[in-house]
There are 4 protein chains.
Amino acid sequence: MANTFGTLFRLTTFGESHGAALGAVIDGCPAGVEFDIDLLRRDLARRRPGQALTTPRNEADEPELLSGVFEGVTTGAPIAVIVRNTDQRSKDYSALRDLFRPSHADFTYAGKYGVRDHRGGGRSSARETLARVIGGAVARMLLARETSITIRAAVTSLGGIRSRTVDEMDADAVYRSPVRCDDPDAERRMAAYLEELRAAGDSSGGIVSARIDGVPAGLGEPIYDKLNARLAAGMMSINGAMGFDVGAGFGVAERRGSENNDQFIPAAAGPGTSSNNSGGIQGGISNGMPVIFRVAFKPPSSIATAQRHGTASGDVVEHRVEGRHDPSIVIRAVPVVEAMALMVLADHWLLDRASRGAGRR
Amino acid sequence: MANTFGTLFRLTTFGESHGAALGAVIDGCPAGVEFDIDLLRRDLARRRPGQALTTPRNEADEPELLSGVFEGVTTGAPIAVIVRNTDQRSKDYSALRDLFRPSHADFTYAGKYGVRDHRGGGRSSARETLARVIGGAVARMLLARETSITIRAAVTSLGGIRSRTVDEMDADAVYRSPVRCDDPDAERRMAAYLEELRAAGDSSGGIVSARIDGVPAGLGEPIYDKLNARLAAGMMSINGAMGFDVGAGFGVAERRGSENNDQFIPAAAGPGTSSNNSGGIQGGISNGMPVIFRVAFKPPSSIATAQRHGTASGDVVEHRVEGRHDPSIVIRAVPVVEAMALMVLADHWLLDRASRGAGRR
Amino acid sequence: MANTFGTLFRLTTFGESHGAALGAVIDGCPAGVEFDIDLLRRDLARRRPGQALTTPRNEADEPELLSGVFEGVTTGAPIAVIVRNTDQRSKDYSALRDLFRPSHADFTYAGKYGVRDHRGGGRSSARETLARVIGGAVARMLLARETSITIRAAVTSLGGIRSRTVDEMDADAVYRSPVRCDDPDAERRMAAYLEELRAAGDSSGGIVSARIDGVPAGLGEPIYDKLNARLAAGMMSINGAMGFDVGAGFGVAERRGSENNDQFIPAAAGPGTSSNNSGGIQGGISNGMPVIFRVAFKPPSSIATAQRHGTASGDVVEHRVEGRHDPSIVIRAVPVVEAMALMVLADHWLLDRASRGAGRR
Amino acid sequence: MANTFGTLFRLTTFGESHGAALGAVIDGCPAGVEFDIDLLRRDLARRRPGQALTTPRNEADEPELLSGVFEGVTTGAPIAVIVRNTDQRSKDYSALRDLFRPSHADFTYAGKYGVRDHRGGGRSSARETLARVIGGAVARMLLARETSITIRAAVTSLGGIRSRTVDEMDADAVYRSPVRCDDPDAERRMAAYLEELRAAGDSSGGIVSARIDGVPAGLGEPIYDKLNARLAAGMMSINGAMGFDVGAGFGVAERRGSENNDQFIPAAAGPGTSSNNSGGIQGGISNGMPVIFRVAFKPPSSIATAQRHGTASGDVVEHRVEGRHDPSIVIRAVPVVEAMALMVLADHWLLDRASRGAGRR
């Protein structure tokens, strides 16, 4: 349902940008997994604003573990983690009570629910992604124990500036880059572009690419819960996501079968393929090759220019939103993309284990 | 779960390409909807092979209604429809028992399940999409009664040949076109290209674009069941789908906020927007503008050239698959894309009606 | 949802008493299970009317397997089975079009859905339980391969006549008894009572008791999917079920803890208990002892006496329903109780296997 | 799933007896419902221990609202409430680390999960029911706004002492009774019996009966989500519940149809029935009469006598658990039974509204 993600490995989240706290409840994580609070802190830090090129909201995002772990190990009971909102400054947003910002969720939330927590976007705020990162961290702990799955994600395109592929990047080096791009040349140009945007009070779209290695063949539940379908749902549920593709993706539209087919080659552990246009998935089931996908994010709607806003009374007014805003979503989206992918994999790994009787490695 | 799609409006499907029958069970369709068997037949005919530029498999695809309708009207009980397989010719496929075709689901199904119905792809066959069309037809009947929602979908790109946009096309005219493209010039070139591919024993990828008009503002269930996330899951679950985007889609990656934001303009029925880069959805909720999306499909893997196949024993062999095959998925995908979108909308319309107390129009 | 039962092992059913067919789709049964069509026929025969002391409706209930099995083995794809209705005689029921029979679902279906298939009760007919038996048979095949679980169920009380306990009965001998009671003395008295009821045009309530042996410790998913909670939901969803209890059941209300507690005793394979008042379940999880429960069924509402019926126009009229009717539900409920229990166990066994990594035996 | 209850109105809970906090997340409550924190406090107080005849654990159970409410009104976002554990005294329980108490969940949790939070029963503690009461309070707020539904529940049987029926009691007067029984004579005898049990270090089983008035006809989703089936699942998921029945319940087993059928009588608002043996439900759908059900609870397993415990090493030892314990579950179960019933009704009311288009009153 609306605020729950997954079938067996399930994340339920709650919280608004300027409410008391954000929270995540992870149900279905097997017992006996070592709970690595430092890993969780690291993942939360990786999406935290207050860094060089993102919004300077300064919060520690300290996770508080409420349940599900005893003597350092998961017990099979639901794992609840909350993060208090400490830097709320609600007064910043009072001007927006009756205004609908262009390309924001203000108008649609107001229309759907009748009432709206307008402070900082309420439930529609990007701050909500914090709870996804908590779920992703637990998925990471589970997968690290049970599989060889590793993921790397990075910004590979920003405002037309393209980097080398994520295949050529290092998972941790990405997070040492202020623009989440392990490609010095592209990183330099992206950073310069973001500074230019900030100065202009504008913003930019971009693409996050991801590669998951070590995915055992056999994950995915046809017909409607194909691995690619679930990844698509997970990624497209992230704020600002406008597109998703796997493997050769939209590029396949112009290709012939003879150039797109991934032909088999002999491999030590069963057949492999000479190319990976399928992105590691066929018929909705992983084939043992790396899972490759991309997510396109729009430029943040909050810009420092005067724009035509809708109002609660049905009028349209010219307005300029005060405050500093993120010039790009993609930088903070990188760990969120990782988190959603890891939860999809953890869920499918459990689903497959149920039907097969032993976890695949 | 795997073979069920939707939360309140739910489709459960079964059947293999060369089994006794394909079937669809629709649960959650409200009572009192007139069941239009001719509409169902029309929709099934629109995806039927045996037409000019698709596989010449000649089956009537006659639907048999087993339950859920009494005196022409739905009763609230599950609606079950089956379609018998009459033209099975299983012997065509015996050579494939121990072979894994490149970029097919043969290898992944065998790996996941241990056993495999290899005849014509079994459950992974595109014939499975027939059951989706049944579900979509019922959704269409429901939405026609309750809303003004209409959909049009078309092939807008095939092997690099691009047509005018789906906005400029007519929903029915699309199906009078053998390539499902209501653009005479593009249609002619696409048809010629498909003939060329057929002669060469090759295939092509393409893009299906869709536009849904009349979607009332307010449909979509944040956070994880956003309208775009559910559409993504539905579309990416179709055989051969490699990418999905909404509104300006992947194009946003190179845009600035100042050019991408959809600014409000005064409109008769509340604010509208001057552009529709959001594709009719903000924060996962429809905003009253047309919902726009695209789905990229790969070139069919079955081509008439010798290719390197995997084998059940782990070897790799050069093999050429006999028989005539579809040079493109997209033509038959058009009504399937419509069906999945209509089911997503019917489901979200019901979900919204539950939370709001009256159906939106 | 309404017509689907289970989480991983899922039964979706459809069909009305006098429609074209009843059907069952089982999704989530692992691949590689030998499909025993004779076992399915046997289970269907065990609930079939047309036997000595039940309704003389004469149908073969021949199952037709539509999907999910290839070369005698499940493939992991959904298993669909339909049974045609051949002895419909709809005209028998035309008098009931605008009448609501006392204690039937006529009134509530009409009120809920607005329309109603009045022929033989439509979807609310006991004939619906046929589809449950199909699902139970597949669960039985799965559990037989993977576990030592066996179930026995029997009529242990009918119109005040009580038999010995189900513990003292033989699973197959029960079905050789026309009243489904493996206790010659009670059987004789129950049969006589049923003849008396038939002559009087009346009916009787009763109790079905069940005992499941070989349930491995560890099945059940606290908090809300406890094994007892799921069994309760399954049993109370059967037509005419009015009560459910486990172990010492309602009898515990008058007991003290000191007499009710199941104390541990040393056993070969870990601790066992000296009594089984818990009915094999503690904290919602099986403890390795036999699972014991009872289901109380009301007397069939269809009796040959004139009764006060409601009408569609809001009136109340005296009416006598023609035709011969079952003097008791419990006889035919026995295999249905088995089926529901087996599906609950199959589902929980898979859920536990997902979380644990190996199936319990 | 395991820790989530409901389909549209969904409760997800977490927390252990001696962890940091208990918590509840309610998803699917429509926007615009006034959030009555005092009602929530009242309901929590009604199940709080530390009262005359229950465990003297002294906690305020102060709810902290974390999300989903803005300016006093629900927003459609998930409502999260936590209650801190302040009186944990974990050292009381250290002796139980490797002991399995008779008829407790100690043994089954240890067997299922491998690890166990043994402090005070961990997740299997009755303290978990606190989170249910939170969910029930929100359901109560919703139902109060939209319907005329009211519920009364009470202890009607305790250790063989039976009170008048719940029909004859007042909902609030029940909570002024220390034994939750609005029948002065029975109350006096029950209280005396509980004192006797406390002195003897023993405990007693009992029955909670409930009656729900104002349930509109039409709630319930056949076949598997019948109103009675969902009530059964909800009630049997409460700690210590051993049996559930509706209407005439287990008593029907000895009845004839001619005495059990609820015959129609003319009524102002459509037909009513002269008796209510069906307990307000037919075919799984409410019929407009009061919904009546009972839940049997076992005597608490924790008694002050030496009993034979299992151990982690497979042995059996004589042991006496220290501390004061509840002589009965039923007293504290009353508000929990109410909470589960209210959530089932809220969920079914929303499900029905989805399929019907307007909420029933």
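This structure is a prediction, so every number in the text was calculated from the model and none was measured.

A. Quick look at the packing of aromatic side chains. Throughout the structure, instances matching the rule amount to 22 aromatic pairs over all chains. Centroid distance F244 of chain B to F293 of chain B: 5.7 Å. Interplanar angle 35 degrees. Geometry classified as tilted. Of this pair, F244 of chain B sits in strand β12 (residues 241-246) while F293 of chain B sits in strand β17 (residues 291-297), and the two are 49 residues apart along the sequence. F244 of chain B sits in the buried class, given a relative accessible area of 0%. On the numbers, 5.6 Å between centres and 65 degrees between planes, the contact of F107 of chain C with F264 of chain D is edge-to-face.

B. Main features of the interface of chain B and chain A. In this assembly, 104 residues from chain B lie in contact with 104 residues from chain A. With both sides pooled, the region where chain B packs onto chain A buries about 8,100 Å², and carbon together with sulfur makes up 57% of that total. On the chain B side of the contact with chain A, K112, Y224 and F264 of chain B bury the most area, a combined 11% of that side's loss. Inspection of the chain B/chain A interface yields nine salt bridges. A salt bridge links R162 of chain B to E254 of chain A, with the nearest nitrogen and oxygen atoms 2.7 Å apart. Scanning the region where chain B abuts chain A turns up 57 residue pairs in polar contact (both at pLDDT 80 or more). When grouped by side-chain class, the residues that make up the side of chain B that touches chain A number 44 nonpolar, 39 polar and 21 charged. In terms of strand pairing, strand β12 (residues 241-246) of chain A meets β12 of chain B through three bridges, oriented antiparallel. By the bridge assignment, F244 of chain A is partnered in β12 of chain B with F244 of chain B.

C. Representation of the sheet that holds strand β12 (residues 241-246) of chain D within the structure. One open sheet holds the 10 strands; their spatial order is β10(C)-β9(C)-β11(C)-β17(C)-β12(C)-β12(D)-β17(D)-β11(D)-β9(D)-β10(D), and the pairing between them is antiparallel. Among the strands making up the open sheet, the edge pair consists of β10 (161-162) of chain C together with β10 (161-162) of chain D. Relative to β10 of chain D, strand β9 (residues 150-158) of chain D is paired through two bridges, and the arrangement is antiparallel. By the bridge assignment for β10 of chain D, S157 of chain D is matched with R162 of chain D.

D. Expanded view of empty space enclosed by the protein. According to the stated counting rule, one finds 13 cavities of 30 Å³ or more in the structure shown. Along the wall of the second largest cavity there are 18 residues; nearest its centre are L8 and G28 of chain B, A2 of chain C together with E221 and S355 of chain D. For the lining of the second largest cavity, the element with the highest residue contribution is helix α8 (residues 330-356) of chain D, accounting for three residues. Looking at the lining of the second largest cavity residue by residue, the class counts come to 11 nonpolar, four polar and three charged.

E. Representation of the pairing of strand β18 (residues 306-311) of chain B in the model. Residues and elements named next belong to chain B. As defined by bridge partners, strand β8 (residues 99-100) adjoins β18 across two bridges and the pair is classed as antiparallel. Its bridge partner being in β18, L99 is matched across the sheet by T311. In this structure, the hairpin formed by β18 and strand β19 (residues 316-320) is closed by a connection of four residues, where G314 is found at a positive phi of approximately 95 degrees.

F. Molecular detail of the relation of the copies chain B and chain A. In screw terms, the move from chain B to chain A is a rotation of 180 degrees and a rise of 0.0 Å along the axis, fitting with an RMSD of 0.0 Å. Such a combination of rotation and displacement between the chain copies is what one expects of a two-fold axis. Interface residue correspondence from chain B to chain A reaches 100%, placing this contact among same-surface, isologous pairings.

G. Up close: the nonpolar core. Core analysis: the biggest nonpolar cluster contains 368 residues, and F293 of chain A, F293 of chain B, F293 of chain C together with F293 of chain D have the highest contact counts within it. Once residues lying within four places of it in the same chain are set aside, the contact partners of F293 of chain D are V208, S209, A210, I212, L231, M235, F244, D245, V246, V337 and A341 of chain D.

H. Layout of the side chain of S328 of chain A. All names here are of chain A. With respect to the helices and strands, the residue S328 is situated in the loop between β19 (316-320) and α8 (330-356). In this structure the side chain of S328 is engaged in a polar contact, spanning 3.3 Å, whose partner is the backbone oxygen of S204. Residues contacting S328, with those up to four places away along its chain left out, are L158, L194, S204 and P300.

I. Summary view of the interface of chain A and chain D. Counting from both sides, the interface comprises 42 residues of chain A and, opposite them, 42 residues of chain D. Buried area between chain A and chain D, both sides added, is near 3,100 Å², and the carbon and sulfur share of it is 61%. Linking chain A with chain D are four salt bridges, by the criterion used here. The shortest N-O distance in the salt bridge between R97 of chain A and E71 of chain D comes to 2.3 Å. Linking chain A to chain D there are eight residue pairs in polar contact (both at pLDDT 80 or more). Elements with a contribution of two residues or more to the side of chain A that touches chain D: β2 (10-14), β3 (21-27), β4 (63-67), β6 (73-74) and β7 (79-84) of chain A.

J. Fine view of unusual backbone geometry. A cis geometry characterises the amide bond from P222 of chain A onward to I223 of chain A, with omega recorded as 10 degrees. Along the polypeptide, I223 of chain A turns up in the loop between β11 (206-213) and α6 (227-236). We note that S103 of chain B has phi near 60 degrees; this positive angle belongs to a residue other than glycine. One can find S103 of chain B in the loop between β8 and α2 (106-113). Look at R180 of chain C: it is not a glycine, yet its phi comes out positive at around 60 degrees. Mapped onto the elements, R180 of chain C comes out in the loop between α4 (171-176) and α5 (184-200).

K. Spatial organisation of the packing of helix α3 (residues 129-146) of chain C against helix α8 (residues 330-356) of chain C. All names here are of chain C. Orientation of α3 relative to α8, taken along the N-to-C sense of each, is 45 degrees, at an axis distance of 7 Å. Relative to α8, α3 is oriented oblique. Here the hand of the crossing between α3 and α8 comes out left-handed. Where α3 approaches α8, its residues T129, R132, V133, G135, G136, A139, R140, L142, L143 and E146 are matched on the opposing element by P335, V336, E338, A339, M340, L342, M343, L345, A346, W349, L350 and R353. Tallied by class, the residues present in the contact of α3 with α8 amount to 14 nonpolar, three polar and five charged.

L. Here's a closer look at the sheet that holds strand β1 (residues 4-5) of chain C. Residue and element names in this part refer to chain C. Ordered in space as β1-β2-β3-β7-β4, the five strands form an open sheet in which the pairing is antiparallel. A strand with exactly one partner marks an edge of an open sheet, and here the two such strands are β1 and β4 (63-67). In the sheet, β1 pairs with strand β2 (residues 10-14) via two bridges, with the strands oriented antiparallel. In the strand pairing of β2, T4 is matched with T12.

M. Structural context of α8 of chain A. Residue and element names in this part refer to chain A. Counted at 1.5 Å a residue, the expected span for α8 with its 27 residues is 39 Å, and the 37 Å between its end C-alpha atoms agrees. Most of α8 is tucked away, with 25 of its 27 residues classed as buried. Of the residues one or two after α8, G357 is the one with positive phi, at around 100 degrees.

N. Quick look at the confidence of the model for chain A. Averaged over every residue, the pLDDT of chain A is 93; residues scoring 70 or more account for 94%. Per the prediction output, this complex has pTM 0.97; the corresponding ipTM is 0.96.

Scoring rules and cut-offs
- Residues numbered from 1 in each chain as written.
- Chains lettered and ligands numbered in written order.
- Predicted model: local features only at pLDDT ≥ 70, side-chain atom pairs only at ≥ 80, totals over all residues.
- Heavy atoms only, no water.
- Phe/Tyr/Trp six-rings, centres within 6.5 Å; stacked < 30°, edge-to-face > 60°.
- Helix = DSSP H or I, 4+ residues; strand = E, 2+ residues; numbered from the N terminus.
- Buried < 20%, exposed > 50% of the residue type's maximum accessible area, 1.4 Å probe, protein only.
- Contact = heavy atoms within 4.5 Å.
- Buried area = accessible area lost by both parts, 1.4 Å probe.
- Salt bridge = Lys/Arg side-chain N within 4 Å of Asp/Glu carboxyl O.
- Polar contact = N/O pair within 3.5 Å; in protein donor to acceptor, adjacent residues only side chain to side chain.
- Nonpolar A, V, L, I, M, F, W, Y, C, P; charged D, E, K, R; others polar.
- Pairing = 2+ DSSP bridges.
- 1 Å grid on protein atoms, 1.4 Å probe; cavity = no way out; pocket = protein on both sides within 12 Å on 5 of 7 lines; lining within 4 Å.
- Points joined across faces, edges and corners; volume = space filled by probe spheres on them.
- Least-squares fit on C-alpha atoms with pLDDT ≥ 70 in both.
- Core = buried A, V, L, I, M, F, W, Y, C linked by side-chain atoms within 4.5 Å.
- Axes fitted to C-alpha atoms, helices over the stretch in contact; angles between N-to-C directions.
- Parallel < 35°, antiparallel > 145°, perpendicular 65-115°, else oblique.
- Left-handed = near helix turned anticlockwise from the far one by under 90°.
- Expected span 1.5 Å × (residues − 1).
- pLDDT = per-residue confidence, 0-100.

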